[in-house]
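Reading the structure
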Amino acid sequence: MAKIKTAWFCSSCGAQAGKWLGKCPSCGEWNTMEESIVSRNEPGLGGKGSLISLSARPLHSIESLTLKRISTENGELDRVLGGGLVPGSIILVGGEPGIGKSTLMLQVALQMKKTRILYVSGEESGEQIRMRADRLKIDQTDIYVLTDTSTDVITEHARQLNPGLVIIDSIQTIVNPVLESTAGSIPQIRESASVLQKFAKTSAIPVILIGHITKDGTIAGPKILEHMVDTVLQFEGDQHYGYRILRAVKNRFGSASELGIFEMSGNGLREVNNPSEVLLSQREDPLSGIAVAASLEGNRPMLIELQSLVGVSPYATPQRSATGLDSRRLSMLLAVIEKKGGYRLANKDVFINVAGGFRIDDPATDLAVVAAVLSSSEDVPIDQNVCFAAEIGLSGEIRPVFKLDQRIAEASKLGFRKMVVSKFNGKSIPNIKGSLEVVQVAKLDEVFRFIFA
Ligand code: TYD
Ligand code: MG
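Since this is a predicted model, take the numbers as computed values, not measurements.

1. Re the nonpolar core
Counting 48 residues, the largest nonpolar core has Leu306, Ile337, Ile352, Val373 and Phe388 as the members making the most contacts within it. With eight residues, helix 9 (residues 366–378) is the largest single contributor of residues to this core. Among the domains, domain 2 (75–273) and domain 3 (280–451) are the pair contributing at least three residues each to this core. Every residue in contact with Phe388, bar those within four places of it in the chain, is listed here: Ala291, Val292, Ala293, Ala294, Ala364, Leu367, Ala368, Ala371, Ile382, Val420 and Phe450. With 30 residues, the next largest nonpolar core counts Ala109, Ile210, Leu246 and Phe262 among its residues.

2. Let's talk about the pattern of salt bridges
Oppositely charged side chains can form a pair if their charged atoms are brought close together. Tallied over the full model, the rule gives 21 salt bridges. A salt bridge links Asp134 to Arg130; its shortest N-O distance comes to 2.9 Å. With a gap of four residues between them, Asp134 and Arg130 both fall in helix 3 (residues 126–136), about one helical turn apart. Owing to a relative accessible area of 43%, Asp134 belongs among the partly exposed residues under this scheme. According to the relative accessible area criterion, Arg130 is exposed, its value standing at 54%. Residues Glu391 and Arg399 are paired through a salt bridge, measuring 3.9 Å at the closest nitrogen-oxygen approach. Within this structure, Glu236, Arg247, Glu297, Arg359 and Asp361 form a network of salt bridges that share partners.

3. Here's the deal with the packing of aromatic side chains
As enumerated under the stated definition, the model contains four aromatic pairs in all. Each ring, one from Tyr343 and one from Phe448, has its centre 5.9 Å from the other, and the planes form 65 degrees; the classification is edge-to-face. With Tyr343 in the loop between helix 8 (327–341) and strand 16 (348–354) and Phe448 in helix 11 (residues 444–452), this residue pair connects regions lying 105 residues apart in the sequence. Here the two residues Tyr343 and Phe448 agree in accessibility, since each one is buried. Where Phe388 meets Phe450, the ring centres are 6.4 Å apart and the plane angle is 90 degrees; that geometry is what we call edge-to-face. Here Phe450 lies in helix 11 and Phe388 lies in strand 17 (residues 386–389), a separation of 62 residues in the sequence. The exposure class assigned to Phe388 is buried, which follows from its relative accessible area of 0%. The exposure class of Phe450 is partly exposed, given its relative accessible area of 23%. Cation over ring: Arg190 sits above Phe9, and NZ or CZ is 3.5 Å from the ring centre. The ring of Phe402 has Arg407 lying over it, and the distance from NZ or CZ to the ring centre is 5.9 Å.

4. Some details on the site of ligand 1
For ligand 1, the set of nearby residues contains 15 residues, the closest of which are Gly98, Ser102, Thr103, Ser265 and Gly268. Within the backbone of Gly98, an N or O atom sits 2.7 Å from an oxygen atom of ligand 1. Take Ser102: an N or O atom from its side chain is 2.6 Å from an oxygen atom of ligand 1. In the complex, 76% of the free accessible area of ligand 1, which totals 550 Å², lies under the protein chains. Counting residues per element, the ones that place at least two in the shell around ligand 1 are helix 2 (101–111), helix 3 and strand 11 (259–265). In terms of residue count, helix 2 provides more of the shell around ligand 1 than any other element does, three residues in total.

5. Some details on the packing of helix 2 against helix 3
Helix-helix packing is characterised by the crossing angle of the two axes and by the distance between the axes. Interaxial distance between helix 2 and helix 3 falls to 10 Å at its minimum, and their mutual angle equals 70 degrees. Taken together, the axis directions place helix 2 and helix 3 in an arrangement best described as roughly perpendicular. When the axes of helix 2 and helix 3 are compared, the crossing they make is right-handed. The residues of helix 3 that touch helix 2, namely those facing Ser102, Thr103, Leu106, Gln107 and Leu110, are Ile129, Arg132, Ala133 and Leu136.

Reading the values: the criteria
Residues numbered from 1 in each chain as written. Chains lettered and ligands numbered in written order. Predicted model: local features only at pLDDT ≥ 70, side-chain atom pairs only at ≥ 80, totals over all residues. Heavy atoms only, no water. Core = buried A, V, L, I, M, F, W, Y, C linked by side-chain atoms within 4.5 Å. Buried < 20%, exposed > 50% of the residue type's maximum accessible area, 1.4 Å probe, protein only. Helix = DSSP H or I, 4+ residues; strand = E, 2+ residues; numbered from the N terminus. Domains from an automatic or database assignment. Contact = heavy atoms within 4.5 Å. Salt bridge = Lys/Arg side-chain N within 4 Å of Asp/Glu carboxyl O. Phe/Tyr/Trp six-rings, centres within 6.5 Å; stacked < 30°, edge-to-face > 60°. Lys NZ or Arg CZ within 6 Å of the ring centre and 35° of its normal. Near = heavy atom within 4 Å. Polar contact = N/O pair within 3.5 Å; in protein donor to acceptor, adjacent residues only side chain to side chain. Areas by Shrake-Rupley, 256 points an atom, 1.4 Å probe, with all protein chains shown as cover. Axes fitted to C-alpha atoms, helices over the stretch in contact; angles between N-to-C directions. Parallel < 35°, antiparallel > 145°, perpendicular 65-115°, else oblique. Left-handed = near helix turned anticlockwise from the far one by under 90°.

Here's what the structure looks like:
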C-alpha cells in the first residue's frame, strides 16, 4: 500500500523534525515548521525479513571515473566550476536580485554554440529573454526557451528536447505540482529541486539553478538547497560598480576557493582575465592613504588597492568604517597599531575602502591596511611601486602568508619594485627572479620606519 511519509521542516534554517514544533530546535525561530513529503513508501525496504540484496561493494572494485567535462565556452565560469560542467551535475548560482545572474546564464547559453540549451524562465517572458539576447549580440540557434514553472512540464520538455544543458531561472519560481504550497516556499523549493536533481542524475544532463539570495548572504530560505546540489556558486559585487565576482562556495567536482571575475558592460558580462590591471588605479602622483595588497583569492594572485582616510573626529566616539573588508578585522588592526605601535588613533575617524567594490578576506591584506591607515593619518604617500603581503598578529608581529611566491610573481609581472613581507616567510623568499626587491619586516616599528623613511 502506498503511504506518503511526511516530516516537518524549519522554513528558516531547513532543520528537519518528526513532528510539529512551535520552536525550531536548530535555529530557535518560532512558528517556522512546515510539513512536507519525505517519501512515498516503497514496500519491501527495511523491516523484518525483507529481502534486500547487499549492494555495498569493496571500494577497490569500483571503477574510477575520469570526469568528462563540458566547457561552457566562458573561461571565468569554467575556472570556477573546476574546468567545465560535469554531466549530470546540478549547480546552484546564487546572488542578489539585479546582480546579473540571468544575464550571465543567458550569455553562457548563447556562448555554448555547439550545445542545445533549454532555458526555463519563471521570471521573464520569452520576449524579454529575446530582448536580452539581442543585447548580448551573440548568435546561437539551438536554444529553447520555456516559460513554464511546473517540474513535470520542465522535465518532459527536457526529455524530448534532449539538450546538453538545462538552465532554470529561478528555482524560487518552480513548483512541484504534487505539493499545494506556493512557489518559493521551503517545501516547494526542496521538492522541485529534488525532481530536477533526479532528472540530472538519470539523464546525465547538467542542470543550472539560479537562486535568489537574502541580505545575510544565504540562498533565500533553505540552506537545504545548498546540500542538495553538487556545486554552489555565488555571484556578487556592488550594484554601483561594474565588477562582478563569481565564487565557488561548494564544489564536489573542483576547488571551492576559485573565483571568476566579470565586468558588466552595455552588452553583457566581459570576462576579466587580468584582475590586477583593472583593480589598480592609474595615477600620476602618489597619493597619501593608498596601499596595495598582494592578495590571493582562491588560487589567483591579485593586487588590490586599499584606500584609507584618517582624520580627527568631530565626535566623542570616532567612526570606523570598512567597505570590502571585515570591519572587526579593521578594529583589531587599529587596536594593534595603538597598543603595540604606540600610535594614537583613538580620536580619529578611520575609513577604509577596497577599490573597485571588491570584498576580500585574505589576512595577507593586514599589512596594506595598516600602511594605508598610517599613510593617510600622516599624509605621507607610499611609493606606487611598493606592495604589501603579510598578516598582523595581536601582539603586533608581522606574520607570514602562504603562497608568497605566487604573490611575488604577480607583483613582479605588474612592474612593482618592492614588496614588504614577513621575515618569517623563510624558504619561499630566496628563489625569486626578476627585479622585485623583497623587504622583510618582523615588527610594527619596522613597518613604521619603512613607510616614513
Ligand atoms: P539581471 O541579469 O536580470 O540580474 P538578476 O538575474 O541577477 O536579477 O540584470 C542585471 C543588470 O544588468 C540589469 O540591471 C541590467 C544590467 N545589464 C547590463 O548592464 N548590460 C547588459 O548587457 C545586460 C543584459 C544587463
Ligand atoms: Mg534574473
